[in-house]
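# Secondary and tertiary structure notes
Each chain, written out:
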Amino acid sequence: HARKQSMISDYTDKYDALHSYESQCTSIQQCEPLKRMITCLDFYGNIIGEAIGGTGLIQEYFNNYPHFLDDYYHILSVHINTGNTIADAENFEIVYERIGKFIQCKLSTCSAYARMHRNRDDEVLEQKSDHIPMNAAFYMEMMDSIHCRLIHSYECGYRSRGAADGGDDVDGGAKNSAVTFEDRELQRLRQKLMKQ
């Protein structure tokens, strides 16, 4: 019983220390969870190529980084999904650029994207997939999802750079950060039609 209490106390201390950064995290530039997530994405990208042989390494890595979902949640909730569209877009651009310094991945050759968007209706479980432990499969699915969300959002159309960079206004003059890419395109089309 004392051992269980000690384990619970250790976990509680680690949990409290882990979440104390949320009140201390004042900017995306100094965000420790983002630094850890970039390291995690880099590791995952390098090890996933080893397929089934890499699952042991994946399990070991995540056994030593059990709070990766907390870090991902922090990045989303504190920095890029706060409800402030302009600040979220600017922060996402920072996240995207920082990740891009370490991870170069093209959507056309991205194995994480292919796994995330495979046709699961017709999928037949192959013999080798039986050898992937359940928790390794969970980590792989989550990391594929995080990879696609943070690395391929622009390419997939999940996010538009127009909101982050402000873009040019319709006349090519001053920047207007409230105008999205879609709004500018519709405005240009409308102007073309009006000139005819």
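Calculation criteria
Residues numbered from 1 in each chain as written. Predicted model: local features only at pLDDT ≥ 70, side-chain atom pairs only at ≥ 80, totals over all residues. Heavy atoms only, no water. Salt bridge = Lys/Arg side-chain N within 4 Å of Asp/Glu carboxyl O. Helix = DSSP H or I, 4+ residues; strand = E, 2+ residues; numbered from the N terminus. Buried < 20%, exposed > 50% of the residue type's maximum accessible area, 1.4 Å probe, protein only. Phe/Tyr/Trp six-rings, centres within 6.5 Å; stacked < 30°, edge-to-face > 60°. Lys NZ or Arg CZ within 6 Å of the ring centre and 35° of its normal.

## Re the pattern of salt bridges
Evaluation of the coordinates by the stated rule reveals three salt bridges. The closest approach of N and O atoms between Asp71 and Arg36, which form a salt bridge, is 2.7 Å. Residue Asp71 is located in helix H4 (residues 68-80), and its partner Arg36 is located in helix H2 (residues 32-47); the two are separated by 35 residues in the primary sequence. Classification of Asp71 as buried rests on a relative accessible area of 0%. Note on Arg36: relative accessible area 29%, which makes it partly exposed. A salt bridge links Asp144 to Arg115, with the shortest nitrogen-to-oxygen separation between them at 2.7 Å. With Asp144 in helix H7 (residues 134-151) and Arg115 in helix H6 (residues 111-116), this residue pair connects regions lying 29 residues apart in the sequence. By relative accessible area, Asp144 is classed as buried at 2%.

## Some details on the packing of aromatic side chains
For the coordinates displayed, the defined rule picks out eleven aromatic pairs. Ring geometry for Phe62 and Phe68: centres 4.6 Å apart, planes at 55°, overall tilted. Three or more aromatic residues joined by ring pairs form one cluster here, namely Phe43, Tyr61, Phe62, Tyr65, Phe68, Phe138 and Tyr139. Note that Arg159 overlies the ring of Phe92, its terminal NZ or CZ placed 4.4 Å from the centroid.

Note that all results are geometric; they support no functional claim without further evidence.
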